[in-house]
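Close look at the chain arrangement
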Amino acid sequence: MLPTTRRLLTVAAIGTTLLLVGAAAVPFRRDAAWQAMQTEVAALRAAVAARPSQRPVLWGEGRAGDAFAHYDRACELSRSLQSTDGNAWIKTSLASGEQVATERAGLRARWQPVLAALRAGAQSTHVTPSIPGADGLEPRIANLLDCRWVANLAVFEARALQHEGRNEDAVRRTLDAASLGADLARRGTLIDQMIGCAILSIGTDGAWTDAALAALDRGALDLLADGLQRLDTDLPLTLDDGAELLHVAWHMQNAPDDAEWLPSNAAAWRFGFSTRWMLADAFRLQLARSRRLAATTGAPWQERAAQLEHELATATASGNALMAVCLPNLGAAEGNWREQRARIRLLCMAVDLHRGIDPPPLTDPIGGRPIATTTTAAGIELRCAPLADPKRTTRLVVR
């Protein structure tokens, strides 16, 4: 046999041997990665379960009980109103406070059970941690439509109460709606938190325009100022992705081989064409990302946004095709959250100005500096740094 032929056969034999060894190693590495993921998920589930579940109420005295047991009841009761009345009566109710208070008195009576359940939740001091997958069932996500109806009903009732001169009761109704939003934002998956952000807006800056604040008496303004201060102190600056990671993990652990969101088998070539190994690696990458991001939870938005962008680029370049499918969009979600936190602080300062108090120098959650205050011919303009539309982070107080 010629030397060249002999060398070629030797190389081919070695290559074949390496391929066989590599193929034999795939099941071992796949199973090891999958088991490591199970261990990490269990540890994360325990950590989320151990988080504090108590939170202050925004007005009055708190009482024992799980807030979400009552919120779920409020959402359930709201569905009967949605199915029987649709949006027509909501549009009519929006026409004016007088219509709500007089012509629509019957409708007000129908939504009182919803508001009673909402109040019971807002006055409960315990918020059960959301631990997706702990019961083995598919994780549940809040229903935006139901939650929005509950919050809107609270604001409609507040308008009617203001028309009747019951200003403090009106404030309490909106603080109840704000509690629902805040509890959702503290507790759940990324979608839950974004729903909470929207509901929080309905109960705070959405409910209290400058004209509505101007119509409040001093007692109601004091009550609102106290509730907002409690809310602002208790709300986090950034979102918590613990429940979101558990939500993703459940879907990874229970993904059928033909799940539509899974990449093709060819995309798993880096993992010996093992989808399970690729899933476990994607979770590992997300968990590592979460831990790195934890270091910037209190950072100004510019720094936090830069870190989020960096982590997104790192995930995209990871070589794991699943990262493009199951990576939560924290950048957009946290941007919305920071903007809402800014709007709450603008409202806090506006309430103080209507009380005749010079507001304390609150920090802009977006810009990281004291919120800008400018006296103009139209009134006092309060301004935070914009994320997109400057109007969304600017408030004019006329007094």
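The structure we're discussing is the one just above.
Below: a short report on this structure.

1. Thoughts on the pairing of strand β4 (residues 380–383)
Residues of β4 alternate between two faces, with Ile 380 and Leu 382 buried on one and Glu 381 and Arg 383 left unburied on the opposite face. As judged from the four bridges shared by strand β3 (residues 372–375) and β4, these two strands associate in the antiparallel manner. Paired with Thr 373 across the two strands is Leu 382, which belongs to β4. Here β3 folds back onto β4, and the loop between the two strands holds four residues, one of which, Gly 379, carries a positive phi near 155°. Relative to strand β5 (residues 394–397), β4 runs antiparallel, the two sharing four bridges. Note that in β5 the partner of Glu 381 across the bridge is Leu 396.

2. Side note on the pattern of salt bridges
Taken as a whole and assessed by the stated rule, the structure comprises 27 salt bridges. Asp 31 serves as the salt-bridge partner of Arg 30, at 3.0 Å between the closest nitrogen and oxygen. The partner of Asp 183 in a salt bridge is Arg 186, and the shortest N-O contact between them spans 2.5 Å. Here Asp 183 and its partner Arg 186 are both found in helix α7 (residues 167–187), three residues apart, which amounts to about one turn of the helix.

3. Considerations on the packing of helix α6 (residues 144–163) against helix α8 (residues 190–203)
As a packed pair, α6 and α8 sit with axes 9 Å apart at the nearest point and diverge in direction by 15°. It follows from the interaxial angle that α6 and α8 lie roughly parallel. Here α6 runs over α8; the crossing is right-handed. Between α6 and α8, the residues in contact are Leu 144, Cys 147, Arg 148, Ala 151, Asn 152 and Val 155 and Ile 195, Ile 199 and Ile 202, respectively. Residue composition of the contact of α6 with α8, by class: seven nonpolar, one polar and one charged.

4. Brief notes about helix α10 (residues 218–234)
The end-to-end C-alpha distance of α10, which contains 17 residues, comes to 24 Å, matching closely the 24 Å that a straight helix rising 1.5 Å per residue would cover. Within α10, the full set of buried residues consists of Ala 220, Leu 221, Leu 223, Leu 224, Ala 225, Gly 227, Leu 228, Leu 231 and Asp 232. Of the surrounding elements, those touching the buried residues of α10 are α7, α8, α9 (210–214) and α15 (330–354).

5. Here's the deal with the environment of Cys 147
Within the element layout of this structure, Cys 147 appears in helix α6. With a relative accessible area of 4%, Cys 147 lands in the buried category. Distance in space between the C-alpha atoms of Cys 147 and Leu 184 is 9.7 Å, their sequence separation being 37 residues. Among all residues touching Cys 147, those that are not within four sequence positions of it are Cys 75, Ala 142, Leu 180, Leu 184, Ile 195 and Ile 199.

6. Re the environment of Ala 47
Here Ala 47 lies in helix α1 (residues 3–49). Residue Ala 47 is classed as partly exposed on the basis of its relative accessible area, which comes to 38%.

Rules and cut-offs
Throughout this document, residue positions are counted from 1 along each chain, in the order its sequence is written. Whole-chain, interface and lining totals are the exception, using all residues; otherwise, since this is a predicted model, local features are given only for residues with pLDDT of at least 70 and side-chain atom pairs are given and counted only at 80 or more. Hydrogen atoms and water are omitted, and side-chain values are computed over all heavy atoms in the structure. Each residue is assigned to one of three classes by its accessible area relative to the maximum for its type, calculated with a 1.4 Å probe on protein chains only: buried under 20%, partly exposed between the two thresholds, exposed over 50%. Here a strand is any run of E in DSSP of at least two residues, a helix any run of H or I of at least four, and the numbering for each starts at the N terminus. At least two DSSP bridges between two strands are required for those strands to pair. For this document, the term salt bridge refers to a Lys or Arg side-chain nitrogen within 4 Å of an Asp or Glu carboxyl oxygen. Lines fitted to C-alpha atoms define the axes here, with helix axes fitted over just the stretch in contact, and angles between the N-to-C directions of these axes take values from 0 to 180 degrees. Just so you know how the angles are binned, under 35 degrees is roughly parallel, over 145 roughly antiparallel, 65 to 115 roughly perpendicular, and the rest oblique. For any helix crossing, the convention is left-handed if the near helix is rotated counterclockwise from the far helix by under a right angle, and right-handed if that rotation is clockwise. We call two residues contacting when some pair of their heavy atoms lies within 4.5 Å. For this classification, Asp, Glu, Lys and Arg are treated as charged, while Ala, Val, Leu, Ile, Met, Phe, Trp, Tyr, Cys and Pro are nonpolar and the rest, including Gly, are polar. A helix is expected to span 1.5 Å multiplied by its residue count minus one.

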